[in-house]
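# Architecture and fold: a report
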Amino acid sequence: MTDFHRIKRLPPYVFEQVNRIKAAARARGADIIDLGMGNPDLDAPRHVIEKLVETAGKPRTDRYSASKGIAGLRRAQAGYYQRRFGVSLDPDTQVVATLGSKEGFANMAQAITAPGDVVLVPNPSYPIHAFGFLMAGGVIRSVPAEPTPAMFPALEKAVAHSIPKPVALVVCYPSNPTAYVAGLDFYRDLVAFAKKHELILLSDLAYAEVYFDDNNPPPSVLQVPGAIDCTVEFTSLSKTFSMAGWRMGFAVGNERLLAALTRVKSYLDYGAFTPIQVAATAALNGPDDCIKEMRATYKKRRDALIESFGKAGWKLPTPEASMFAWVPIPEKFRALGSLEFSKLLLEKSDVAVAPGIGFGEHGDEYVRIALVENEQRIRQAARNVRRFFDNADRTLHNVVPMQKAV
């Protein structure tokens, strides 16, 4: 049997290599502190779970649901955008419920991509941002990930040197994996750029509520006047309400683009289980105390991470948002690359991180550390890392490249 066309376009899943080593270590009895996958360990809010239990088993709730989401859920998402961003959305035409933002992104790629279409994607970036388009037959052109004015000359160059002309531009702020945060001024320039070059703008805002400066919450690109003319934005309840396994997200924005997404989805799924949609409605319409508690928890973990790893000899940049730290590999180990360093860290310190190469080749000098363990476990991870670093010169002379003689 020959290789399948779309599978051949996908590289090996980098994170699976670390996962295999992690599973083998646990099978041997090792206590692995897993800071690799961005899988929230906090509980979903009690009132949301109660609404799920209350709804399950009621008449008609076991039937197929609406692919684009029940009306009440779409109204609740429109209400959230109005409260949080001051953005007015028509819940009938400008809101689509998705099975998590990842599914929404992948199916949007299917909806708008013709074979050979060029899409501009930040590098490094969350894998679905590129591979959703690759699976749809598109071609990826990498652009810088940091939201600064320096991005725009690079974008102009990418458009000028792409044949055919790019059809879409992807952004993600607060960013996974880099934790970069964009401001409204940047978004204004981004929308102007997209309109100038007739690009579809796709914004991943999954970490909108995971931020640490209460006076500066991350904005939505849809706050820019006229952005809705060319933009679809994706959000998720996975991090905001610690509902990752529930698979509930949204695409909002341009009516024509969302109509295309809805049509693709209508052939592929019948929407999330109705009780989950009802519970998600309760989450969006309910109190926001749980969101504030989530932010406070991640902030404490972030502070513990920065402090304890700094004392261990590994200085980490302090993220302003997201549930990740994007961390340069220590100079001594940088020549190994992120995958081999991540394997080594797991083997020698029982600490798992995500290799940066999994987010694009420009991430290979970094690892991503997720705030998915409590403060005590984070500090234990730092102690383990410190022991590894302290002993590395004696135990890794055949592994870590020696400095070149001057």
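Residues numbered from 1 in each chain as written. Predicted model: local features only at pLDDT ≥ 70, side-chain atom pairs only at ≥ 80, totals over all residues. Heavy atoms only, no water.

## Describing the UniProt feature "domain: Aminotransferase class I/classII large" (unreviewed entry) in the protein chain
According to UniProt, the positions carrying the feature "domain: Aminotransferase class I/classII large" (unreviewed entry) are residues 31-383. End C-alpha atoms of residues 31-383 are separated by 14 Å, and the span's content is 41% helix alongside 14% strand. (UniProt positions renumbered as here; feature names shortened; annotations may be inferred. Helix = DSSP H or I, 4+ residues; strand = E, 2+ residues; numbered from the N terminus.)

## Side note on the packing of aromatic side chains
Overall, the coordinates contain 20 aromatic pairs when judged by the stated rule. Where Tyr80 meets Phe85, the ring centres are 5.9 Å apart and the plane angle is 85°; that geometry is what we call edge-to-face. The two residues Tyr80 and Phe85 agree in class, both being buried. Here the aromatic rings of Tyr207 and Phe324 are separated by 5.6 Å at their centres, their planes lie at 65°, and the arrangement is edge-to-face. (Phe/Tyr/Trp six-rings, centres within 6.5 Å; stacked < 30°, edge-to-face > 60°. Buried < 20%, exposed > 50% of the residue type's maximum accessible area, 1.4 Å probe, protein only.)

## With respect to the nonpolar core
Of all hydrophobic cores here, the largest spans 91 residues; its most connected members are Phe309, Trp314 and Ile369. Per element, the largest residue contribution to this core is 8 residues, and it comes from helix α12 (residues 289-311). Not counting chain neighbours up to four residues away, the residues in contact with Ile369 comprise Leu35, Leu305, Phe309, Trp314, Leu316, Met323, Phe324, Ala325, Val327 and Val353. Counting 22 residues, the second-largest nonpolar core is a separate cluster that includes Val96, Ala109, Ile112 and Ala251. (Core = buried A, V, L, I, M, F, W, Y, C linked by side-chain atoms within 4.5 Å. Contact = heavy atoms within 4.5 Å.)

## Overview of the pairing of strand β12 (residues 366-370)
Every other side chain in a regular strand lies on the same face of the sheet, so the side chains alternate between the two faces. Of all 5 residues in β12, 4 are buried, a share of seventy percent or more. In terms of strand pairing, strand β9 (residues 324-328) meets β12 through 5 bridges, oriented antiparallel. Each bridged residue has a counterpart across the sheet, and for Phe324 the counterpart in β12 is Ala370. For strand β11 (residues 354-355) and β12, the ladder comprises 2 bridges, and the chain directions are antiparallel. The residue of β12 that forms the bridge with Ala354 is Arg368. (Pairing = 2+ DSSP bridges.)

## Comments concerning the pattern of salt bridges
Enumeration over the complete set of coordinates arrives at 22 salt bridges. Salt-bridge contacts for Asp92 lead to Arg74; the nearest nitrogen and oxygen are separated by 3.5 Å. Taken together, the positions of Asp92 in the loop between α4 (71-85) and β2 (95-98) and Arg74 in helix α4 put the pair 18 residues apart, joining distant regions of the chain. Accessibility expressed as a relative area gives 9% for Arg74, which makes it buried. One salt bridge in this structure joins Arg334 and Glu331, with 3.1 Å as the shortest N-O distance. (Salt bridge = Lys/Arg side-chain N within 4 Å of Asp/Glu carboxyl O.)

## Observations regarding the side chain of Glu373
Here Glu373 is to be found in the loop between β12 and α14 (375-395). For Glu373, the side chain forms a polar contact with the main-chain nitrogen of Asp34, separated by 3.5 Å. Excluding its chain neighbours within four sequence positions, the residues that come into contact with Glu373 are Ile33, Asp34, Leu35, Asp41, Arg301 and Ile378. (Polar contact = N/O pair within 3.5 Å; in protein donor to acceptor, adjacent residues only side chain to side chain.)

## Overview of α12
Compared with the 33 Å implied by 1.5 Å per residue over 23 residues, the 33 Å span of α12 between its first and last C-alpha is a close match. What α12 keeps buried is the set Cys290, Ile291, Met294, Arg295, Tyr298, Arg301, Arg302, Ala304, Leu305, Ile306, Ser308 and Phe309. In the segment just after α12, Gly313 is the residue with positive phi, at about 95°. (Expected span 1.5 Å × (residues − 1).)

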